[in-house]
Protein chains: 4
Amino acid sequence: MAIINVKPDGYNYLFNPANAPVAYVDPGDDVFIWTDDAAESRIKTKENTPSNTLAQVKFLNPQTGPIYVNGAEPGDTLAVTIKEIEFTRDFAFSSFMANFGAMAAVPRTCLQKPNDEHTFIWEKVDEKGDYWYEPELDIAIPKRPFLGTFAVAPEGEAISSLTPGPFGGNMDCPDIAPGNTVYLPVYNPGGLFYTGDGHAAQGDGELCGFALETTTKTHLVFNVIKGQTIYNPRIENEEKIMCVGSARPMEDACRMAYFELINWIHDDYGFTLDEAYQICAQVGRCYVANVVDTLWSMCASVEKKYLKRLGGKPKAGEVKL
Amino acid sequence: MAIINVKPDGYNYLFNPANAPVAYVDPGDDVFIWTDDAAESRIKTKENTPSNTLAQVKFLNPQTGPIYVNGAEPGDTLAVTIKEIEFTRDFAFSSFMANFGAMAAVPRTCLQKPNDEHTFIWEKVDEKGDYWYEPELDIAIPKRPFLGTFAVAPEGEAISSLTPGPFGGNMDCPDIAPGNTVYLPVYNPGGLFYTGDGHAAQGDGELCGFALETTTKTHLVFNVIKGQTIYNPRIENEEKIMCVGSARPMEDACRMAYFELINWIHDDYGFTLDEAYQICAQVGRCYVANVVDTLWSMCASVEKKYLKRLGGKPKAGEVKL
Amino acid sequence: MAIINVKPDGYNYLFNPANAPVAYVDPGDDVFIWTDDAAESRIKTKENTPSNTLAQVKFLNPQTGPIYVNGAEPGDTLAVTIKEIEFTRDFAFSSFMANFGAMAAVPRTCLQKPNDEHTFIWEKVDEKGDYWYEPELDIAIPKRPFLGTFAVAPEGEAISSLTPGPFGGNMDCPDIAPGNTVYLPVYNPGGLFYTGDGHAAQGDGELCGFALETTTKTHLVFNVIKGQTIYNPRIENEEKIMCVGSARPMEDACRMAYFELINWIHDDYGFTLDEAYQICAQVGRCYVANVVDTLWSMCASVEKKYLKRLGGKPKAGEVKL
Amino acid sequence: MAIINVKPDGYNYLFNPANAPVAYVDPGDDVFIWTDDAAESRIKTKENTPSNTLAQVKFLNPQTGPIYVNGAEPGDTLAVTIKEIEFTRDFAFSSFMANFGAMAAVPRTCLQKPNDEHTFIWEKVDEKGDYWYEPELDIAIPKRPFLGTFAVAPEGEAISSLTPGPFGGNMDCPDIAPGNTVYLPVYNPGGLFYTGDGHAAQGDGELCGFALETTTKTHLVFNVIKGQTIYNPRIENEEKIMCVGSARPMEDACRMAYFELINWIHDDYGFTLDEAYQICAQVGRCYVANVVDTLWSMCASVEKKYLKRLGGKPKAGEVKL
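Caption draft 1: Focus on the sheet that holds strand 3 (residues 23–25) of chain A. All names here are of chain A. Strand order across the open sheet formed by six strands is 3-5-16-11-14-13, with mixed pairing between neighbours. Single-partner strands in this sheet number two, and they are strand 3 and strand 13 (164–165). Where strand 3 and strand 5 (residues 63–69) come together, three bridges link them in parallel fashion. By the bridge assignment for strand 5, Tyr 24 is matched with Tyr 68.

Caption draft 2: The arrangement of the relation of the copies chain B and chain D in detail. Overlay of chain B on chain D (RMSD 0.0 Å): rotation 180°, translation along the axis 0.0 Å. The transformation relating the two chain copies, once decomposed into turn and shift, fits a two-fold axis. Same-surface contact between copies: 100% of interface residues of chain B are shared with the interface of chain D.

Caption draft 3: Structural detail: the interface of chain B and chain A. Of the residues lining the interface, 73 residues belong to chain B; the matching set on chain A comes to 74 residues. Carbon and sulfur atoms supply 62% of the area that chain B and chain A bury against each other, a total of about 6100 Å² over both sides. Looking only at chain B, the three residues that lose the most surface to chain A are B:Arg255, B:Tyr277 and B:Gln282, adding up to 11% of its buried area. Our enumeration of links across chain B and chain A arrives at two salt bridges. Across the pair B:Lys313 and A:Glu123 runs a salt bridge whose closest N-O atoms are separated by 3.0 Å. At the boundary of chain B and chain A, one finds 47 residue pairs in polar contact (both at pLDDT 80 or more). Every element with two or more residues in the side of chain B that touches chain A is listed here: strand 7 (91–96), strand 8 (118–124), strand 9 (131–134), strand 10 (139–142), helix 2 (250–269), helix 3 (273–283), strand 20 (285–290) and strand 21 (296–303) of chain B. Broken down by element, the side of chain B that touches chain A gets its largest block of residues, nine residues, from helix 3 of chain B. A class-by-class count of the residues in the side of chain B that touches chain A yields 45 nonpolar, ten polar and 18 charged.

Caption draft 4: Structural context of the environment of A:Ala177. Residue and element names in this part refer to chain A. As for its placement among the helices and strands, Ala 177 is situated in the loop between strand 14 (168–169) and strand 15 (181–185). We classify Ala 177 as buried; its relative accessible area is 11%. Residues in contact with Ala 177, not counting those within four places in the same chain, are Ile 82, Pro 145 and Phe 146.

Caption draft 5: Structural context of unusual backbone geometry. With an omega of 0°, the peptide bond running from A:Gly65 to A:Pro66 counts as cis. Position of A:Pro66 relative to the elements: it lies in strand 5. Unusually for a residue other than glycine, B:Ser41 sits at a positive phi of about 60°. Its identity is not glycine, yet B:Asn99 carries a phi of approximately 60°, on the positive side.

Caption draft 6: Highlighting the packing of helix 2 (residues 250–269) of chain C against helix 3 (residues 273–283) of chain C. All names here are of chain C. Orientation of helix 2 relative to helix 3, taken along the N-to-C sense of each, is 125°, at an axis distance of 8 Å. Put simply, helix 2 runs oblique to helix 3. Where helix 2 crosses over helix 3, the two elements pack in a sense that is right-handed. Listed contacts from helix 3 to Tyr 258, Leu 261, Ile 262, Asn 263, Ile 265 and His 266 of helix 2 are Leu 273, Ala 276, Tyr 277 and Cys 280. The residue makeup of the contact of helix 2 with helix 3, split by class, is eight nonpolar, two polar and no charged.

Conventions and cut-offs
Residues numbered from 1 in each chain as written. Chains lettered and ligands numbered in written order. Predicted model: local features only at pLDDT ≥ 70, side-chain atom pairs only at ≥ 80, totals over all residues. Heavy atoms only, no water. Pairing = 2+ DSSP bridges. Helix = DSSP H or I, 4+ residues; strand = E, 2+ residues; numbered from the N terminus. Least-squares fit on C-alpha atoms with pLDDT ≥ 70 in both. Contact = heavy atoms within 4.5 Å. Buried area = accessible area lost by both parts, 1.4 Å probe. Salt bridge = Lys/Arg side-chain N within 4 Å of Asp/Glu carboxyl O. Polar contact = N/O pair within 3.5 Å; in protein donor to acceptor, adjacent residues only side chain to side chain. Nonpolar A, V, L, I, M, F, W, Y, C, P; charged D, E, K, R; others polar. Buried < 20%, exposed > 50% of the residue type's maximum accessible area, 1.4 Å probe, protein only. Axes fitted to C-alpha atoms, helices over the stretch in contact; angles between N-to-C directions. Parallel < 35°, antiparallel > 145°, perpendicular 65-115°, else oblique. Left-handed = near helix turned anticlockwise from the far one by under 90°.

Put into structure tokens, the structure is as follows:
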């Protein structure tokens, strides 16, 4: 197993099967990836608003990649285990941008006056960034580190890094986090993995459109599951299996996430589709990952402890869940 | 303080300001309410499907109420604290019904063939119903007791008990649970409170349209907050404040829940609207309560520990959240 | 056949099965109905904005009715033929209202600043109101007279007159117009018909939320189709059959309108469902009736000339459509 | 002015700025373009269903292009006048496909059983295809010739030819028709124009997902409007100006179409935004172009005769509209 450092000279702004790989890795390698923030480090102070820093910028959300995973072929599944996410600078920004965010109307649908822009600068409380503080709010919050974008190149299309979809992409899903393995469908030889948009923390939905945007060094390990085809991103850890659906309107994202989860339970845990549907109805969980991107993303999950047949009705006191 | 037992002779199927109260209570009284299940106890075995038990039934989701709370006037807020929910029978049902549920299309929009119906019967593992077991699935799950419908009579309208809205109603929100206080806007003298649709457990979204449907005895205490007007249901416990939005499409339910939450933080915790928006963006949580009723419901929340100004940046090691 | 004049002393603001009828009519009677405008004649000049005239008003959209049609029973269809709509005053208003209209966000979902209010006063060019002129715009437009609300009392519920649905209601559909017959499902004895919200003209969607709002005298003739049950409003004239679907999101309104239309073609014109679906796919028409009310409404139609089997392939030159 | 024939050897399935132009044309040239049908002529008989002809096919909707228009630069607008659309074969197909079409649920959201597939073959009644006949239906319909896809290459992205958007694309809008000029924003040098998906006729919405799909020879003339930037496709003829919005949910497509139209009226006809909004509210028209593609498309329009100030209120009898 090798150690591979992926420190890019430049970035890509498309999930594009035509881009040349920036690294080739083997399954099992320890891969360390540096990512810039979604505004490519242009917003550093409260005076930096989206208008005055991003107006001339053509593309946002710089991606590190693509990384070619040796052995991955179309029809396989790429399994990406997130070992660690480190924050490589002392602050994170979050901004309100005109005509953007969940509390703004969808762009080009509305004649209301946009609200004012506003930038917040969150500072690390401790060196590792376990807690973050924002002076204007005068509050501190714990980290919830994850990568907002996590993608393979789509089949044929070259899609903006602002977009989520079956290929992963800009899901802004807080469960793309250390300790979890993310499964993505492989459409192209090598999978062609991209990531970026590191977040030190985020609420469900990424409500204003910007989380605690910061730069990261991330430790990943790739594996390839040969011949297994999935249709939407899946996430797993010791306790849970999770699926992400991205669509508009949001009910379709919710349904897609649960549809993939029902199929997963059916395929891997020995339940019929009807049974898997009933299990999700009673112990499924589903939260909003993003309500601000080009498609909304929802994450549905179920705990593995519910996915084992008991072999008969337990007696009172026997069940511990 | 009195003890009031509300054991109805019959039920209402509308949240209707014109219905005669079934009880009058004072703020602070210990009110015990018996509720029937959403199918009015017609589904008792696996052989009872929605088609063969509910086809001739005109109205579903029987409600206990209205309860008149002395002193509540339009413009006030009704605060309802849920002390306990007991399950008053040994089983709960959940069914798949043709053309109903999140994995079915919206009724009268689709020419696909409906899926088969299917009834699951969940049995108590222990006397109190801390755990429930379903023989066909051969799994057990813990209780998550709550009331699917929790409402005041709307302003003017008489609305089906299948519908959620600003008045509460059929939100199917698992946080309408013991230990929590629910706030509802008062539109009519006495508030005119209704409840029903007791659930022993439910996944986020009530995916197939039926949770663990059972009968309950619920202990509530009502209070009236004079002169405080809210616009959507709010929920509170020691740790969190939560709001429910009900709308279609689901993104509007999400936005309404967060909009109410942002206003709550602004009104009661001394933050500007901008600050409240930023706080929700970074530490808000938002899950699907229902994706099967006439409107979808979302529940957004924030933990209270984030709603206190610290009086300056803490030192490393000082923050414990 | 009698002549019945329905000049109300007051109005209803709910489609409510509990309201006492204001008139009883027989099928075939010539019924003349006076309607007030949606703001109950409070907006008369450019200085009258929604804020300064409607802020204290609890209920909008006054309805004339209910009219009890003798012989109509639940499960029947009420057929209402619109003979004529006369405008009973010289002007119509249309206003922009804060947080209302298609170019505003859905209320309570958005922190953008609302746009300014603005009232337009349209004046009759000729006595009958065939053309209307607005001085600020300095343009004239032809009449497109119709009734914005056209309803029967729902089954059980009492619903705001601002809402459309299977019972008709506030569809704001310009084909509820002279020369057309509107079919509504009967849920209550007598049908309990309501109408109001007269429009001298309106664009598709009623974009700003107010059409050319004016007062009317309308000539209707009611008939009852015994034992025919429909599920959404239907409209017919010599050339076309049309159906209205009301829902959110708008694609569901579109699908409901076409679903009802496909079933109509199947039931009455001798085509299979598959054939009716194919016909709608190739010669159906579908426009936005409203994108501003509590549910959006869409109107789908097909011309009757396409609904006759030809008895074999015609020769070139034989078809005239 | 030259005559340019664009008869492709092969097709593209992406609107892709990286594709090599298949032709270079000057503004004003008479350009004749041959297009294949959306299934690349694989469906020719009733026995050819989507499953048995398209299952192994990776990409649908073949596009002729890109055509490089000399002089077009990013920020300009490409004006494409459609002179004529000829049908180059004797039949058109339309099919029902499993899990596709407006009467099917959105893919991967639903556990209902899909409906049966079904292919209809429409035959020309006359040589030019003014009328078409389908033997199973035994009806004839008139032509409504147009190009389902009409696009420029997007900015950066390479997008599936199944998708509509600001760049045009798979709008399935029946007003992309002979006699009309379509305006598209230019994102790349030469504009890089694509077209395909010729339809002999289609209902509003392309309900089952396939119109009368046939092969065409189309006569186009390109022009470039220097320095004019538009944000969504616009269409114009002597009588009307029209705009297309593509989005989900459908209300956003409707709002985008009207938003672009309001801005057009404001920019080119001397009305304020408020005035343009009021005009659209009263005389705008808006129909569904597609409710089956990856985004829904709506077409909003207004007649030019309403866009001229009259210079004072006309007298009765003076207005003729």
